[in-house]
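# Notes for the structure review
Spelled out from the first residue to the last, the chains are:
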Amino acid sequence: MVVLDCQELSYRFPNSKTIFVDINLYTAKDELVAVVGPTGTGKSTLLRVIAHLIPPTTGRVFLDGVEVRRPSSRISLVHQSIATFPWMTALENVRLVLSDKNMTEDEAIQLSKKMLSLVGLEGAENLYPKEMSGGMRQRVALARALGASPEVLLLDEPFVHLDELTANEIRKEVHELVFNPETTLKSVVLVSHNLHEVVQLADRVYIMNGSPARITDVVRIDLPRPRDERDPLFYDYVDTLYRGLDIRSIR
Amino acid sequence: MDLAIPFATLATLGRIFGLIGLSIITGWLLAYASIKSRSFESVYIPLVNVLESIPVIGFLPFVLVIFVLALPARFGVELAVDFLVFDAVAWNIWIGTYQAFKTVPEHLIEVSDNYGFGFFKRLKELYIPHSIPRLTSNIFSSFADAFFYISVSEVFTAGAATASVCPRGTCSTFGIGTLITEYLSSGNFVGVYYSLASIAIAVAVVTFALSRLSRWAVAKYGVDTSDAIKRYAGRWRGRIAYPWRAFRAQMRNVPRLAARSKTGNLVQENRSHNGIAKYVMYAILFLLFAYVLYSSLRIVISVPVSTWYSFLQETPRLLEYVGADYLRVTLITLASLAFAVSVGYLLATHRRAGDTILPLIQVFAAFPAPAYFPLIFIFTLPFLEHTLPFIYSEVYIFILGFLSCFYYVFFDFWIGVQAIPSEFNELARNHELPFSTRMRRVIFPSTLPYIITGLSSTINSAWAGIAIGEFWPNIAPTVAPNGLQVPFGMMYYISANMANGQIAAAAYVSIIFAVIVAIYGVVFTRNLMDLARKKYVVEEGVFAA
């Protein structure tokens, strides 16, 4: 069953060059799809176009068969730079996106707590971002995104600002976190430069290349979960992805 | 056209730039002393922060009296005006220079250490060049501030308020504000129009020149900026849009600079102390303080004890006057804030509208309200007097106050909205936050430090507006022989008493006011600023290791 369906997307900056063209991408239920490509191919821009934070130059995005015409928390973006409001506690940061959800204050607080607990931040509800580590802040951002009851989660390099140990720890949990039965999530689109991370997490990988960028290949990762990086097949997939990337195309 | 007009405009401009120049030079010396001496810095910075939040106009009558008593009348008034204009522009420039000196890159300091640069060479080759981009962007607001306060001062000193200390016309300063007041008194409207046109030309030329200067300064003196020295092909559209782009580029630098100064990327100076600079500054501060104290005592001693006793008995009534003026200032401030938040947000989020309207507001802001307000008064008086017979004077004070100050909080709020990280805006849109939630939880907290800074300046200038608005007897003798007067107010009390020779009474209420605003500045403004700096730092919201 197709959840997110992007058809013939292209984007051109006003009075500037075209970033990508002919992007056809879909996600199925309970599927984590990754997008990889050399720097400058417009992967982050693609996520913003999918969320309709910037409208596509051409093409359309469908969610459950209905065209997306404006930003909606049903497609929730987690930023590359971890964005948490410094004047709000962890709980308030999550509570913020429940303002318009027709629920009582008490229900909103309970749901916020539940989301924080889901990402492992039970007991840290009253901490301010500056009192948390980068990994904790990213979990708050994730809890906030999940609290908004999205069907699709867009993750833009979500671990790039974390140290390797913390990133590894969250990576191991993220699949279980996002597809937890207690969330409304149906699928995830992950943008990443880290091919190990992509093989660790993704079910399918779209490879973007060129200028303007296009989808040049789609690789299905058929590895059982939890995935083991020492598995030779794991490295085969990393190699496949690496060979699929045309580094020269961005010159 | 009266030839005095261009000369008066040049005289006012000369006074403004002379005082800005003085602020810059003293700012360099004080900033240098601060980075060289921790003890000096620990006194200087809190002092400037407190003085910055006190409305200078509250001291105008008091300062005027002190200078006039000590010096020949004409010279005393000139110095009083200059002192107040200096006071209006100095803090902004001093703090900007200090922050620039504190953020000189460590490796450049090491180079100057390595090659043994002395005091002058270090200043000339390192610190001063590094402060130029910051200073040129600060001169925008300093120019507008100075023009406004100098007009207020000129109107104040040219009017009846100083009649007792120096007979009318004998000690008013020569400037365009004084000239307009004289034209209005004699009903010479052609003279007023030419004067306004002259100010408009001066404001436009200066704004344009400062924009060019600012752009050049960033390109030449900015450290590791992406601003290249651009050469324009002479297309008129580029030239017209250029100053505004430069201003916007400068404004975008503001949060970055502020963030740099907060993130601990400061140069911890523990190098050789420059004793001479430090002691010279201590001496200057001490002399200034001693002089103010001496002059105050002279006034106190010259007034009989029985008079002081009657002043004390009058204190409750005077406090009511102060309260009335605080109410007026509050209303003006709230209106300015409402305008800033509505129009400022609209222009910040609609770039095309902003590109068109903001330069107009910028030029308008640099155009001093006291210069054109008499015309508004003359043309609207018959209507307002008829429709609002009991409160039309209050309406005029409100308008004058609003025109004098709305742009401070407006521009600060606008800059604050521009500085909100794009991630926050995307989050708000992504999660469809309702407008009220977005304003309450995202926009207001994000812009709070900017709003507080803007409100502080807005309140100061609102005081200046009502200072002249409550007692402006010669605003338009042809249509209003008694001028604009609102007796229930402290500023009226001060001005009217000075006009009647009751200098001690004016000084007494001026002191009460000074004490109140000092307490207000320390307790309210400083605390709010501290809160904003500790909790509402939007740059901390985006974590990028």
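Residues numbered from 1 in each chain as written. Chains lettered and ligands numbered in written order. Predicted model: local features only at pLDDT ≥ 70, side-chain atom pairs only at ≥ 80, totals over all residues. Heavy atoms only, no water.

### Observations regarding the overall build of chain A
Assigned secondary structure in chain A consists of seven helices and 11 strands. Scored against the burial criterion, the 251 residues of chain A give a buried share of 57%. Taking the contacts inside chain A whose residues are at least 6 apart along the sequence as the reference set, 69% of them involve residues at least 24 apart. (Helix = DSSP H or I, 4+ residues; strand = E, 2+ residues; numbered from the N terminus. Buried < 20%, exposed > 50% of the residue type's maximum accessible area, 1.4 Å probe, protein only. Contact = heavy atoms within 4.5 Å.)

### Digging into the interface of chain B and chain A
Taken residue by residue, the interface counts 26 residues in chain B and 32 residues in chain A. Overall, the association of chain B and chain A removes approximately 2,700 Å² of surface from exposure, summing both partners, and the carbon and sulfur fraction of that is 58%. Of all residues in chain B, N430, H431 and F543 of chain B give up the largest surface area on contact with chain A, accounting jointly for 25% of the area buried on that side. Connecting chain B to chain A are two salt bridges. For the salt bridge of E426 of chain B with R48 of chain A, the shortest nitrogen-to-oxygen distance reads 2.8 Å. Among the elements of the structure, α15 (422-430), α16 (435-469), α18 (503-535) and β3 (542-543) of chain B are those that each provide at least two residues to the side of chain B that touches chain A. Examining the composition of the side of chain B that touches chain A, we find that six residues originate from one element, α15 of chain B, more than from any other. Within the side of chain B that touches chain A, the residues separate by chemical class into 13 nonpolar, five polar and eight charged. The pairing of strand β7 (residues 82-83) of chain A with β3 of chain B spans two bridges and is antiparallel. Within β3 of chain B, the position partnered with A83 of chain A by the bridge is V542 of chain B. (Buried area = accessible area lost by both parts, 1.4 Å probe. Salt bridge = Lys/Arg side-chain N within 4 Å of Asp/Glu carboxyl O. Nonpolar A, V, L, I, M, F, W, Y, C, P; charged D, E, K, R; others polar. Pairing = 2+ DSSP bridges.)

### Notes on the sheet that holds strand β3 (residues 31-36) of chain A
Residue and element names in this part refer to chain A. Pairing is mixed across the open sheet formed by six strands, whose spatial order is β6-β8-β9-β3-β10-β11. Strands with a single pairing partner mark the edges of an open sheet, and in this sheet they are β6 (75-78) and β11 (214-220). Between one strand axis and the next, the sheet turns through 20 degrees on average, direction left out of account. Taken together, the four bridges between β3 and strand β10 (residues 204-209) define a ladder with parallel strand orientation. Residue V35 lies in a different strand from β10, and its bridge partner there is Y206. Of the strands in this sheet, β6 and β8 (152-156) touch helix α4 (residues 134-147), which is tilted by about 175 degrees from β6. Each of β10 and β11 is contacted by helix α7 (residues 232-244), which is oriented at about 170 degrees to β11, the strand it contacts most. (Axes fitted to C-alpha atoms, helices over the stretch in contact; angles between N-to-C directions.)

### Section: the packing of aromatic side chains
Aromatic ring pairs: the centre-centre distance and the angle between the two ring planes describe each pair. All names here are of chain A. Applying the stated rule across the entire model yields 37 aromatic pairs over all chains. Taking 5.9 Å as the distance between ring centres and 50 degrees as the angle between the ring planes, the aromatic pair formed by F85 and W87 counts as tilted. W87 carries the same exposure label as F85, and that label is buried. Stacked on the ring of Y26, the Lys or Arg R204 has its end atom at 4.0 Å from the ring centre. (Phe/Tyr/Trp six-rings, centres within 6.5 Å; stacked < 30°, edge-to-face > 60°. Lys NZ or Arg CZ within 6 Å of the ring centre and 35° of its normal.)

### Quick word on the side chain of H130 of chain B
Residue and element names in this part refer to chain B. With respect to the helices, strands and loops of the structure, H130 is situated in helix α6 (residues 119-158). On the accessibility criterion, H130 (14% relative accessible area) is buried. Only 3.0 Å separates the side chain of H130 from the backbone oxygen of A100, close enough to count as a polar contact. (Polar contact = N/O pair within 3.5 Å; in protein donor to acceptor, adjacent residues only side chain to side chain.)

### Considerations on the confidence of the model for chain B
Taken residue by residue, chain B gives an average pLDDT of 76. The fraction at 70 or more is 77%. A low-confidence stretch, residues 224-273 of chain B (pLDDT under 50), is modelled with 72 contacts involving residues beyond four sequence positions or located in other chains. (pLDDT = per-residue confidence, 0-100.)

### A closer look at the confidence of the model for chain A
On average, residues of chain A score 89 in pLDDT, and 98% of them are at 70 or above. Here helix α5 (residues 164-178) of chain A stands out as the least confident element of chain A, with mean pLDDT 79; strand β4 (residues 58-63) of chain A is the most confident, with 96.

### Looking at the pairing of strand β1 (residues 2-12) of chain A
For a regular strand, the rule is simple: side chains alternate between the two faces of the sheet. Residues and elements named next belong to chain A. Both β1 and strand β2 (residues 18-28) contribute to a ladder of seven bridges, which runs antiparallel. Bridging from a neighbouring strand, L9 pairs with I23 of β2. Two successive antiparallel strands, β1 and β2, enclose a turn made up of five residues, where N15 displays a positive phi of approximately 55 degrees. Across five bridges, the pairing between β1 and β4 is antiparallel. Counterpart to C6 in the pairing with β4 is V61.

### Considerations on a nonpolar patch on the surface
Taken together, the side chains of F289, L293, L297, V300 and I301 of chain B present a nonpolar region at the surface, about 510 Å² in accessible area. Mapped onto the elements of the fold, F289 of chain B is located in helix α10 (residues 275-302). (Patch = residues over 30% accessible without salt bridge, like charges linked within 9 Å, V, L, I, M, F, W, Y side chains within 5 Å. Areas by Shrake-Rupley, 256 points an atom, 1.4 Å probe, with all protein chains shown as cover.)

### Section: the sheet that holds β1 of chain A
Reading across the sheet, the four strands line up as β2-β1-β4-β5 (chain A) and stay open at both edges, with antiparallel pairing between neighbours. Each end of this open sheet is capped by a strand with a single partner; those strands are β2 and β5 (66-67) of chain A.

### Structural notes on helix α14 (residues 392-418) of chain B
Note: α-helices contain 3.6 residues per turn, so residues at a spacing of three or four share the same orientation. All names here are of chain B. The terminal C-alpha atoms of α14, which comprises 27 residues, lie 38 Å apart, in line with the 39 Å expected from a rise of 1.5 Å per residue. Where α14 bends most, the angle comes to about 40 degrees, and this point is C405. Among the 27 residues in α14, 22 count as buried, and that is most of the element. (Expected span 1.5 Å × (residues − 1). Bend = angle between axes of the 7 residues up to and from the residue.)

### Things to note about helix α3 (residues 105-118) of chain A
All names here are of chain A. Look at α3: 20 Å from first C-alpha to last across 14 residues, which is about the 20 Å you get at 1.5 Å a residue. Residues A108, L111, S112, M115, L116 and L118 constitute the buried set of α3. Burial along α3 is one-sided: seen end-on, the buried residues are contained in an arc of 155 degrees. Of the surrounding secondary structure, the elements contacted by the buried residues of α3 are α2 (90-95), α4 and α5. Looking at the residues trailing α3, positive phi occurs at G120, about 85 degrees. (Arc of directions from axis to C-beta.)

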